[in-house]
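Okay, here's what each chain looks like letter by letter:
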Amino acid sequence: MEPYRIKVVEPLAITTRAQREEALKRVAYNPFDLRADEVTIDLLSDSGTGALSAAQLAAGMNADESYAGSRSFYRWHAVVSELTGYPHILPTHQGRAAERILFAALLEPGSTVLSNTHFDTTRANVELTGCQARDLPCAEAADLDSDYPFKGNIDLSALQQALESAQESPVSAVVMTITNNGGGGQPVSMENLRQTAELCRRHNVPMILDAARFAENAWLVTRREPGYQDRTPRQVSEEAFGLADGCIMSAKKDGIVHIGGFIGLKDPELAEKCNGLLIATEGFSTYGGLAGRDLDMMAQGLLEVTEPTYLAERAEAANYLAERIRAVGVDIVEPAGLHALYLNAGRLLPHIPPHQYPGTALVCELYLRGGIRSAELGSLYLGEEDDQGNPVKSAPYELVRLALPRRVYTRSHYDHVAQTLADIAKDPSSVHGYRIVGQSPILRHFSIQLEPVKSAG
Ligand SMILES: *Cc1c(COP(=O)(O)O)cnc(C)c1O
């Protein structure tokens, strides 16, 4: 059961099918453009969408909004220092600000950054500094159905090869994303982190953790990795931070706050460079684009997020939803993680070709039938067409992500999601595809306009 009870409630938007049809048509079948109060269960993202605890709100009320040197900063700094062990910690307003500042200070233009998988803003910030972002996911990640426990790992032999043959394009950093968000939210093992750190040390390349879901990764390590059963998620987290040379953090995930992030570093010179950029673009070193109350609420959130009771229930709730979805015959990316479930839309809707977007078709159907908002991760997100709309590149898989906000929905909400999927899975052939009628050249999935393709296939 949830290890908390509900003190404050917010009504859900209960809509009719006719209202949802009209809303979806109005936004040209792009759920990013729906108003949130047209959505009943919002599984678009787990970022900044968590529920605050009473202790976080109390900490926020007790915050100090002084311009410099606020008591909130010192409280926050003590919590983050103890968690990460890094001597240099800089607050930022969210994860991508930490990426921009660290990469501007650290990366040599023309060099390469290697990663288990770059998150999309991480890749964009690497490329903005004139560097190349290369993903080296482990081979096991390619099999969506296998229950290999650490599909978030980096491919160590590919990493070694890339570090050894770095003559033409030197490697400026290795970024380890925990959990591997771009790779289906799969965890990275401590063994993989340790070996990556060792290779980095040997080649004198810094290893940076993209630590947005460090606590969820630590939880899965205690469940799945030999030798870690008796360790707490807190101990595993501290060990992971200790293996790296620094971190970038989006606290909108495992900080359980609505906004916030930070940079943590061992190297004082690099920290000094980042501090200059921080003051110029985010804010003074003791607030970095955040209010005092944001720092205090983040500090409290970072203490709550490694609580075993919290993590155990988050994992159990995700497994509960995963079990119900499998039971109605819909495949998900296995094994289920914590922050999201990824539905295999390509397999559920084989009659819809990639360039009629099976993922989008399922996203729209979930909204039309259940008022549920989700995200496509398939050929709309990753594919390409030529000027006439003919397919050029398809995504390797047609997936739909159901992100699970922290402490927001209960299992009866998840029952509604599973029931909606069950209804769709009873007659998948009635679901039709979509065609693009308008798009922008970059990050098109945010602004795409579509129309239904009435005759299937
Ligand atoms: C969300 C996220 C980011 C970016 O953080 P924002 O707070 O959204 O700017 C970076 N890396 C990973 C793995 C993320 O999940």
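The text that follows walks through the structure, step by step, so that each part is easy to find. (Residues numbered from 1 in each chain as written. Predicted model: local features only at pLDDT ≥ 70, side-chain atom pairs only at ≥ 80, totals over all residues. Heavy atoms only, no water.)

### Regarding the site of the ligand
Phase 1: Lining the immediate environment of the ligand, one finds 15 residues, of which Gln94, Arg96, Asp210, Ser250 and Lys253 sit closest.
Phase 2: In the model, an oxygen atom of the ligand is placed 2.8 Å from a nitrogen or oxygen of the Gln94 side chain.
Phase 3: Contact with the protein chains covers 98% of the free accessible surface of the ligand, which is 380 Å².
Phase 4: Taken together, the elements giving at least two residues each to the shell around the ligand come down to helix 4 (95-106) and helix 5 (120-128).
Phase 5: Sorting elements by how many residues they give to the shell around the ligand places helix 4 first, with three residues.
Phase 6: Of the residues that constitute the shell around the ligand, the class distribution is two nonpolar, seven polar and six charged. (Near = heavy atom within 4 Å. Polar contact = N/O pair within 3.5 Å; in protein donor to acceptor, adjacent residues only side chain to side chain. Areas by Shrake-Rupley, 256 points an atom, 1.4 Å probe, with all protein chains shown as cover. Helix = DSSP H or I, 4+ residues; strand = E, 2+ residues; numbered from the N terminus. Nonpolar A, V, L, I, M, F, W, Y, C, P; charged D, E, K, R; others polar.)

### Things to note about the pairing of strand 8 (residues 261-265)
Phase 1: Counting buried positions over the five residues of strand 8 gives five, a clear majority of the element.
Phase 2: Summarising the sheet, strand 7 (residues 246-250) and strand 8 pair through five bridges and their orientation is antiparallel. Within strand 8, the position partnered with Cys247 by the bridge is Gly264. (Buried < 20%, exposed > 50% of the residue type's maximum accessible area, 1.4 Å probe, protein only. Pairing = 2+ DSSP bridges.)

### Considerations on the sheet that holds strand 3 (residues 112-115)
Phase 1: Spatial ordering of the open sheet is given by 2-8-7-6-5-3-4, a layout of seven strands whose pairing is mixed. Strand pairing shows two members of the sheet lacking a second neighbour, strand 2 (88-92) and strand 4 (132-135), which therefore form its edges. Between one strand axis and the next, the sheet turns through 20 degrees on average, direction left out of account.
Phase 2: Alignment of strand 6 (residues 207-210) against strand 7, held across three bridges, turns out to be parallel. Paired with Asp210 across the two strands is Ile248, which belongs to strand 7.
Phase 3: Most of the contacts of helix 5 go to strand 4, to which it runs at about 145 degrees, and overall it touches strand 3, strand 4 and strand 6. (Axes fitted to C-alpha atoms, helices over the stretch in contact; angles between N-to-C directions. Contact = heavy atoms within 4.5 Å.)

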